[in-house]
Amino acid sequence: MSHEKSKCHLKCMASWSGYLSAKSIGSVVTQVSAQNKKEIIENRNYLKKIIDIVLYLTRQGISFRGHDETKDSLNQGNFKEACQLMAKHDIQFKIKQESKFNFTSPDIQNELINVCSDVLKTNIISQIKSVGFFAIMVDDARCHKVEYMSICVRYVKDLEVYERFLGFMDVSEKQDAQTLINTIFQFLEHSNLGNIPIFAQSYDGASVMSGKRNGVQSKLLERYPCAIYTHCMAHRINLVVVDMCKNVEYAKSFFNSLEALYVYFSRPSTNKKLKDMQLKMDIKASSITRISDTRWVCRYKNCKAVKDNFEVILEVLREEIDANSNLDVAQAIGIEAMIKKGHFILFLIILEDILTKINILSNLMQEKKATLGKSVNLINSIIKTFENDRCSEKFKTVWTEVIALAKEFNISLEIPAKGSKRKRKETTNLQNYYVSNTTGAECSYANVDELNEGMNDEDTQFEYWKVNGYFRILDCVLSGLRSRFSTESLKIGHSIDNFMKLKYDESLHFIEHYENALCIDKDQLKAEMLIMKNCINKDDFDIGALVSEINKKIFPNLYKLLQVALTIPVSSASCERSFSVMRRIKTWLRNSMSNDRFSNLSLLHIERDLANNITSEEVLNIFAQKSRRLNLTI
């Protein structure tokens, strides 16, 4: 008993108890270490949720901040409102949110956006470096008093074509060729792409970009001699349509009428009547849009919308005129008289047919995986189609539809009244053309009478509109296609097309251009092309068959040149698409954001397929490399 109460025994028992306790729950050092590790895990889990919110908002192109982000505000902005929503379902997140260092400040948002953007851009650049070369596409547009240059790249990895957006650059200060090329080189250096050769380039036809002596394309060639320039084919096709609309008087008048229709039905009251009438007559709802030289499908869509809704439009106009309830009735009377003219419905049918074919070609040119060789075939096909359509038999089909529409709505197809007595003649320079599309020369009444003696009125109308309407439009389109897609401008395209058909001699222009840059052995290449042709064992095969058969190790020369052939861009449509994103992200309410933030947000929104693969873990590991107020490093 005396021993149990002794100091020595009590000291030993206390030590023993401490030992047992330490064995079960750990020592003080262990407990501190465990608590620290738990705190780090909680911090990292919290930051991962913040990063996920940032990624969600950037992918969706949604604004982050609100006008008033104070606690008393009814709307603190999308970022803080999303954090509050997360806090409702996660108690640990709520605790961190209410702490002093909750990592939701604008600076932290910008830093996280920057890290996410760097992760995505690094992924793109690493792919380009593994390929060894790429093509560049550039275009510029204005947004809220700022001129932005969009920079996109095209490369081929494992014979799969990729077109990627890299960023926007502010070029408001000057837009001359030297300034633009300096901006491009500066961007490439900043993106670690300065040492990667550029094998092709594509811009629109503006002289500052396409100039052979002092344009951006010529200055880029000085540093990258192999960078073949391609004038965006989608732009060229659109210019053919624009030229036709400007040079053919009847076409110009027709599209002016469509613009007047748009203005009239853009009013809320008349637009509501149009929608109600479409519903009443069980016609698919469609609207008339503004005619624009830069929106490539607006003319086709407008022609189709007016043709499908012609009866609806006339019915709405007639109701407006009969009601006579406001000052706009005079405009309704004018528009009704304008669209009930014979030449309006004639050109409506003609242009709807022609623009449908051109729109198919335009859409194919805008595909990211379109190739130059395939595009040349498509252009030749559309030219041949229009050449075959330029005949009386094809116009009979169009005329039958015009006659049916005219009879249904009691529209006269009479030849317009004769104007000046002076006969307009074609210039001698245009003697090889069937019809002039630039001088305004017309088939006069005397000529019509001479050509159609003994014909009735319908036959006379048929001949007059065939020559002065249908043929004139087709001649203008064909002339535009031939001049803008001349043999010289498509020389490299024809050569690439023959290369993809494994015709060695016909593709020498393309082969010799890249021979030195790729260290191509021409004799070996010729043998590879012959063997590959025998492997496919078909006279007519597409690029898919070639890609499926080729092996990089067995056909090294053929593989490298095929990569280059697929790399050459057809258009700069990817740059145009980025401008649509620009308008969505940098709105009037968001136009004060910095250029870096704007470019990073655009990148994460445009390259959604890559942004979806970014994980919060990899972003957090980069973010945690700097010293933070929250402990994030295990």
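Here, the structure is the one placed above.
All residue numbers refer to positions counted from 1 along the written sequence of the respective chain. Given that the model is predicted, a residue must reach a pLDDT of at least 70 before its local features are reported, and side-chain atom pairs must reach 80 or more before they are shown or counted; all residues, however, enter totals for whole chains, interfaces and linings. The side-chain figures draw on all heavy atoms in the structure; neither hydrogens nor water molecules are used.

As for the overall build of the chain
Strands here mean DSSP runs of E at least two residues long; helices mean DSSP runs of H or I at least four residues long; both are numbered from the N terminus. Counting secondary structure elements, the chain contains 28 helices and five strands. Radius of gyration: C-alpha atoms only; globule rule: 2.2 Å multiplied by the number of residues to the exponent 0.38. At 34 Å, the chain has a C-alpha radius of gyration far larger than the 26 Å of a compact globule built from 634 residues. If you line up the chain on its principal axes, its C-alpha atoms span 145 × 80 × 50 Å. Across the 634 residues that make up the chain, the buried fraction comes to 49%. A separation threshold of at least 6 residues defines the contact pool for the chain, and within that pool the share at least 24 residues apart is 72%. Only the protein chains shown count as cover for residues, and all accessible areas are computed by the Shrake-Rupley method using a 1.4 Å probe. Roughly 32,800 Å² of accessible area belongs to the chain as shown, and the carbon and sulfur atoms make up 50% of that amount. Think of it in three bands: residues with accessible area under 20% of the maximum for their type are buried, residues over 50% are exposed, and the middle band is partly exposed, with areas taken using a 1.4 Å probe on protein chains only. Any pair of residues with heavy atoms lying within 4.5 Å of one another is described as a contacting pair.

Observations regarding the packing of helix α10 (residues 249–265) against helix α14 (residues 329–339)
Interhelical geometry of α10 versus α14 gives an angle of 145° and a closest axis separation of 11 Å. Read as a crossing pair, α10 and α14 show a hand that is left-handed. Here α10 contributes S257, A260, L261, V263 and Y264 to the contact with α14, which in turn contributes Q331, A332, I335, M338 and I339. Note on residue classes: Ala, Val, Leu, Ile, Met, Phe, Trp, Tyr, Cys and Pro are nonpolar, Asp, Glu, Lys and Arg are charged, and everything else, Gly too, is polar. Here the contact of α10 with α14 is built from residues that sort into eight nonpolar, two polar and no charged. Axes here refer to lines fitted to C-alpha atoms; in helices the fit is confined to the stretch in contact. Angles between the N-to-C directions go from 0 to 180 degrees. The crossing is said to be left-handed when, going from far helix to near helix, the turn is anticlockwise and less than a right angle, and right-handed when the turn is clockwise.

Some thoughts on the nonpolar core
F310 and F510 are the most contacted members of the largest nonpolar core, which has 197 residues in total. Sort the elements by how many residues they give to this core and helix α15 (residues 342–365) lands first, with 13 residues. Residues grouped as a nonpolar core are buried Ala, Val, Leu, Ile, Met, Phe, Trp, Tyr and Cys residues, joined through side-chain atoms within 4.5 Å.

Comments concerning empty space enclosed by the protein
Using only the protein atoms, space was sampled on a 1 Å grid; points where a 1.4 Å probe fits but cannot get out form cavities, open sets with protein on both sides within 12 Å along at least five of seven lines form pockets, and lining residues are those with an atom within 4 Å of a point. Grid points are joined across faces, edges and corners, and a volume is the space filled by probe spheres set on the points. Across all of its chains, the model carries one cavity of 30 Å³ or more by this definition. Volume-wise, the largest cavity comes out at about 110 Å³. Mapped by element, the contributors of at least two residues to the lining of the largest cavity are α9 (233–247), α12 (298–308) and α15. Class assignment for the residues of the lining of the largest cavity results in nine nonpolar, four polar and two charged.

Remarks on the packing of α15 against helix α19 (residues 457–484)
In the contact formed by α15 and α19, the axes pass within 11 Å of each other and the chain directions differ by 25°. The angle between α15 and α19 places the two elements in the roughly parallel class. When you trace α15 past α19, the crossing you get is right-handed. On α19, the residues touching H343, L346, F347, I350, L351, I354 and I358 of α15 are W465, N468, G469, Y470, I473, L474 and V477. The residue makeup of the contact of α15 with α19, split by class, is eleven nonpolar, three polar and no charged. Any angle between 65 and 115 degrees counts as roughly perpendicular, while under 35 counts as roughly parallel, over 145 as roughly antiparallel, and the rest as oblique.

A closer look at the environment of S578
Among the secondary structure elements, S578 is positioned in helix α25 (residues 573–585). In this structure, the C-alpha to C-alpha distance between S578 and E320, residues 258 residues apart in sequence, is 42 Å. Non-local contacts of S578, meaning those with residues more than four positions away in its chain, are made with S150, F165, F168 and I606.

So, the packing of aromatic side chains
The criterion for an aromatic pair is that two Phe, Tyr or Trp rings (for Trp, the six-membered ring) have centres within 6.5 Å, with stacked assigned to planes under 30 degrees apart, edge-to-face to planes over 60 apart and tilted to the rest. Within the structure shown, the criterion is met by 28 aromatic pairs. Between the aromatic rings of F254 and F255, the centroid separation amounts to 5.2 Å while the plane-to-plane angle is 75°, which identifies the pairing as edge-to-face. Given a relative accessible area of 5%, F255 falls into the buried group. Put simply, the rings of F133, F199, F499, F510 and Y514 touch in pairs and so form one group of aromatic residues. Over the face of the ring belonging to F185 we find R223, whose NZ or CZ atom lies 3.7 Å from the ring centre. Stacked on the ring of F623, the Lys or Arg R628 has its end atom at 3.7 Å from the ring centre. Cation placement over rings: the criterion is NZ of Lys or CZ of Arg within 6 Å of the ring centroid and within 35° of the ring normal.

Concerning the sheet that holds strand β4 (residues 198–203)
Following DSSP output, two strands are said to pair if at least two bridges run between them. In spatial order, the strands read β3-β2-β1-β4-β5; together these five strands make up an open sheet with mixed pairing. Each having just a single partner strand, β3 (160–170) and β5 (228–231) make up the two edges of the open sheet. With direction set aside, neighbouring strand axes in the sheet form an average angle of 25°. Pairing between strand β2 (residues 146–157) and β3: ten bridges, direction antiparallel. Residue pairing for β3: Y148 is matched across the bridge by D170. Against the sheet, α25 engages β1 (134–143), β2 and β3, with an angle of about 40° to β1. Contacts between helix α26 (residues 595–606) and the sheet are confined to β2 and β3, with β3 contributing the most and set at about 160° to the helix.

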